[in-house]
Amino acid sequence: MEYNLSQKNDNQKKQYESIIEQNNKKYFKLAEEIKNIRAGKEGTAQDRQFAILELQIQQEEIERDTVTKEQAIADLYVREMEENLTQRRINKEISAQEFSNEIHNIREYRSMISINSNIEDYDIESTILQMKLRLEHMKKSMGKVPKEQADKNIAEMEQTLSDNEEYRQDEVNELAKQNFEYKRRNLYYQRNSGEISTDELKQKLEELEQTKGKIPTKKEFEEMLNDLSEKHLEQPQQSQEYEREVSNRDGINYSHYWEQNKNQDINEWHDNCVYHHIQDFDNKTFEYGLHAPSDTTAHYVEYVGERLGEEYARGAKGEKAELARQFAMLEVQGRMGDFLDLYNSEETSGYDNPKLLLQLEKVSGLNIEELEDTIGLDTSALHQDIYVATYEIEEWDETLQRNIMKPIKEYYTRNEDGFDIIGTGTEYETTFVIDGMSIDVDTEQVLQGDSLEKVTQREMGDRLIKNGIEDSLKSGKVTEVAQLTDMSFLKDFREQCGIPETWDLNGRTFIVSTMNEKGEEDFDIIIRNDGAGDTEYEHLMGINATDKSGREMYTTNGRRIPGGAEELDKTQTLKEFMTKSGHRYTITRNAEGKLGFNEIFRENENIIQGQHIDAYTYSTDDLVSAYENAGINQEDLNKAYEALNRTKAEREQTQNQTKTNNLEGR
Amino acid sequence: MNVQTQEIYSEVYSILNLLGESYIKKLPVSLFNMIKEEKRQDYNPKYDSEINLEQQSIKRETLSMIALFHLNYWCNSDEEKNELKTLFKTNEEKHQAEIREKYNPDNLFKKHSLQQEESTITNEVAMVEYKEPLFKRIINKIKIIFHIN
């Protein structure tokens, strides 16, 4: 939300904003250079990595300067608040008690954001130092600096890192202490001014004790700022009347087609890829590849697969984690390794025609009648847990005279040393190697036992994106993420946000919902930064949240009613935004409960109308899959209903008994 | 109220807090307060939002209660509600089929015969062995059709 500043403070703010804009341009330019180096083939991999690291360090320095300028702008607003509050006291518009409380609030808020900024600065400095350390190690190994000098530099940087960690912790402790005192003082003020009773104060103080030692969350900082801004800053007059032409649209429902692709049968041939390409996979595997042994493809693939497996297995436990790790190995092998294409019996590289892993499933054995009926054949290998990997690969089909996606299956058993392959199959024929013999069977004869556990490519891709967002934003767990897909809209949107032309938003712009440890939900519009060394997500620049939410609005949903008119959904805004250009947007939940992004084209005192922007939602671990996996049935629901009714009846009986006792004076 | 019910409410309360305000807000206030007041005060389980609910130590009754709330208060459209109802109905049918399979006297008799005949090495055993894979294949096919885990 924009607030008015005095002329002097506003001029200062514009100067800082101009510096931030220049910083952003420099940052984007460096990102382009990094992108070009990555895509180029000049020099060795080590030379390219060296050059990229140097540019990344420059990016972090720019980021550091931007953070200090943002802190300076925040400080201007705080200064304005203090000036306005002091003036109100002089004009006798507020009591001494209120003035005392508010001036404390403002000064303590300023102190806390300053400490928070120091913590951020330590974090950036640590990142820079770690990059410089890597650079120094590389210089040493490449002979660019004498060994003694390099060792000395490394020791100094490591000492600085260690010291910073200590200073950072001191700042965190101080911030936690100030946070606690701020809240405690305000609770006493609320009691003294009659807002809460002494009993309520006691309860809230007990609850506050539980949070001792915690620093304010991002949401808490926003709430403090909003609260102080509303009281002590002047808001510009905002016209309720708003009418704009909607931005361009492709008119193509990409999310619908992607959803359809996902639902194709992976056990039969299909027209389009079920595999959903995730840029994060490319970024991560590129980064891992820079450190991988390059002597053989197999070693390279193994290293990258292992690193990716750790990422996929994050947060998972037991069997799921093991499956996720193996999934990563097989996926990387299929995309980057060498393998035999079963459909044409040719050795193929994953770079030329990738074998795309869609699913890895653990089943309770296989049943193949032909093999079971073969006298003397030991089929016990098929009666243990079997791991079934299902892929798709692009192949020319002679009958259809076009390229289609054909399925490939691989069957594995598992022992102490890892996974052993025992069978591979196409859509028509599967070859098993059991009991020392290689046997071909019709694929349709291969029956799988019960499904015990499964991981899919969608799930792993979803996990990769969410890990990236959580690591970058640090604002809690990601509960939902949806990618904005309309390319024509994203061009207009980029201009509205004041982002340079070289910064293409296509394929990189998302809306996201997060939940912190307190269960507070928040929403944001973010962009994936492919220029940094590791995939990084950040709030999209040029668009900011307003203080409005929870308002009723009507928006399109992509469907049409008979007659051709667009169908409208009535919904509520979860969060509202405004771009630099003044365009207004909202995040809502659509009829299916998924996050939606809408452009407001009309707003007046009677109605808010918007047009949705196509967004593809990445799947979430949701409640429905929990019911499915646990087999929750109608009988379970009936029992739950009865339990609730019993409890309600017991409570009513107790209340009636208490009334009767009271009436009788007992 | 018995301890088990109180523990169910404790687990439900923890899950509701994990799901967050947007879910809690949709429940009737009296219902949420009832859960909060009737739960076991000294039992406050913490769940990991990274792990599927059904893989954590949650009572079946707890998940059932959450499913009941989902059906009644959290569905965003009739379509979503109908899909949930279909899921519960399908699970009910599978459950009933399993019970019938388990307690079907014919099957009990078959299993007993199979176990007896396995121990004798005769032509009769060969015939039973031939039947066994066929028997398993049919069951597996039924399970695959109905997606029974």
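Residues numbered from 1 in each chain as written. Chains lettered and ligands numbered in written order. Predicted model: local features only at pLDDT ≥ 70, side-chain atom pairs only at ≥ 80, totals over all residues. Heavy atoms only, no water.

## Thoughts on the packing of helix α9 (residues 297-312) of chain A against helix α12 (residues 457-473) of chain A
Residues and elements named next belong to chain A.
- Close contact between α9 and α12 brings their axes to 9 Å; oriented N to C, the two are set at 80°. Comparing their axes, α12 and α9 come out roughly perpendicular. In contact with Leu 308, Glu 311 and Tyr 312 of α9, α12 contributes Met 460, Arg 463, Leu 464 and Asn 467.
- Along the lines of polarity and charge, the residues of the contact of α9 with α12 split into 4 nonpolar, 1 polar and 2 charged. (Axes fitted to C-alpha atoms, helices over the stretch in contact; angles between N-to-C directions. Helix = DSSP H or I, 4+ residues; strand = E, 2+ residues; numbered from the N terminus. Parallel < 35°, antiparallel > 145°, perpendicular 65-115°, else oblique. Contact = heavy atoms within 4.5 Å. Nonpolar A, V, L, I, M, F, W, Y, C, P; charged D, E, K, R; others polar.)

## Brief notes about unusual backbone geometry
All names here are of chain A.
- Backbone geometry places Lys 92, a non-glycine residue, at a positive phi of 55°.
- As for its position among the elements, Lys 92 is in the loop between α2 (45-90) and α3 (96-142).
- When its relative accessible area of 71% is taken as the criterion, Lys 92 is described as exposed.
- In this structure, Gln 401 takes a positive phi of about 60° despite not being glycine. (Buried < 20%, exposed > 50% of the residue type's maximum accessible area, 1.4 Å probe, protein only.)

## Description of the confidence of the model for chain A
- Averaged over all residues, the pLDDT of chain A is 87; the fraction at 70 or higher stands at 95%.
- The least confident element of chain A is helix α14 (residues 623-630) of chain A, whose mean pLDDT is 75; the most confident is strand β6 (residues 386-397) of chain A, at 95. (pLDDT = per-residue confidence, 0-100.)

## What about a negative patch on the surface?
All names here are of chain A.
- A grouping of Glu 370, Asp 373, Glu 429, Asp 440, Asp 442 and Glu 444 is seen on the molecular surface, where their side chains present a negatively charged patch.
- In this fold, Glu 429 is placed in strand β9 (residues 429-434).
- On the basis of relative accessible area, Glu 429 is assigned to the partly exposed category, the value being 43%. (Patch = residues over 30% accessible without salt bridge, like charges linked within 9 Å, V, L, I, M, F, W, Y side chains within 5 Å. Areas by Shrake-Rupley, 256 points an atom, 1.4 Å probe, with all protein chains shown as cover. Salt bridge = Lys/Arg side-chain N within 4 Å of Asp/Glu carboxyl O. Lys, Arg positive; Asp, Glu negative; His and termini not counted. Charge placed at Lys NZ, Arg CZ, Asp CG, Glu CD.)

## As for the packing of helix α8 (residues 279-289) of chain A against helix α10 (residues 318-336) of chain A
Residue and element names in this part refer to chain A.
- One can describe the packing of α8 onto α10 by two numbers: an axis separation of 13 Å at closest approach and a directional angle of 85°. In terms of orientation, α8 and α10 fall into the roughly perpendicular class. Of the residues in α10, those in contact with Phe 281, Asp 282 and Thr 285 of α8 are Glu 331, Val 332, Arg 335 and Met 336.
- When its residues are assigned to classes, the contact of α8 with α10 shows 3 nonpolar, 1 polar and 3 charged.

## Let's talk about the sheet that holds strand β14 (residues 509-515) of chain A
All names here are of chain A.
- Pairing within the open sheet is antiparallel, and its 5 strands lie in the order β16-β15-β14-β13-β24. Unpaired on one side and paired on the other, β16 (536-539) and β24 (615-618) mark the two borders of the sheet. Each strand of the sheet is rotated relative to its neighbour by a mean of 35°, with strand direction disregarded.
- With 6 bridges connecting them, strand β13 (residues 477-484) and β14 associate as antiparallel partners. Counterpart to Gln 483 in the pairing with β14 is Phe 510. (Pairing = 2+ DSSP bridges.)

## Observations concerning the pairing of strand β3 (residues 346-349) of chain A
Residues and elements named next belong to chain A.
- Direction of pairing for strand β2 (residues 338-341) relative to β3: antiparallel, over a ladder of 4 bridges. Of the residues in β3, the one forming a bridge with Phe 339 is Thr 348.
- Two successive antiparallel strands, β2 and β3, enclose a turn made up of 4 residues, where Ser 345 displays a positive phi of approximately 55°.

## Some points on the packing of aromatic side chains
Residues and elements named next belong to chain A.
- Within this structure, the stated rule accounts for 16 aromatic pairs over all chains.
- When the centroid spacing of 4.6 Å and the interplanar angle of 35° are considered together, the rings of Phe 28 and Trp 503 count as tilted. Within this pair, whereas Phe 28 is found in helix α1 (residues 7-39), its partner Trp 503 is found in the loop between α13 (487-496) and β14, the two being separated by 475 residues in sequence. Comparing Phe 28 with Trp 503 shows no difference in burial state: the two are buried.
- Here Tyr 411 and Phe 432 contribute two aromatic rings whose centre-to-centre distance is 5.1 Å and whose plane-to-plane angle is 45°, an arrangement assigned as tilted. Here Phe 432 lies in strand β9 and Tyr 411 lies in strand β7 (residues 402-415), a separation of 21 residues in the sequence.
- Ring pairing ties together the aromatic residues Phe 489, Phe 493, Tyr 585 and Phe 597, which thus form one cluster.
- Between Lys 144 and the ring centre of Phe 50, over which it is positioned, the NZ or CZ distance is 4.2 Å. (Phe/Tyr/Trp six-rings, centres within 6.5 Å; stacked < 30°, edge-to-face > 60°. Lys NZ or Arg CZ within 6 Å of the ring centre and 35° of its normal.)

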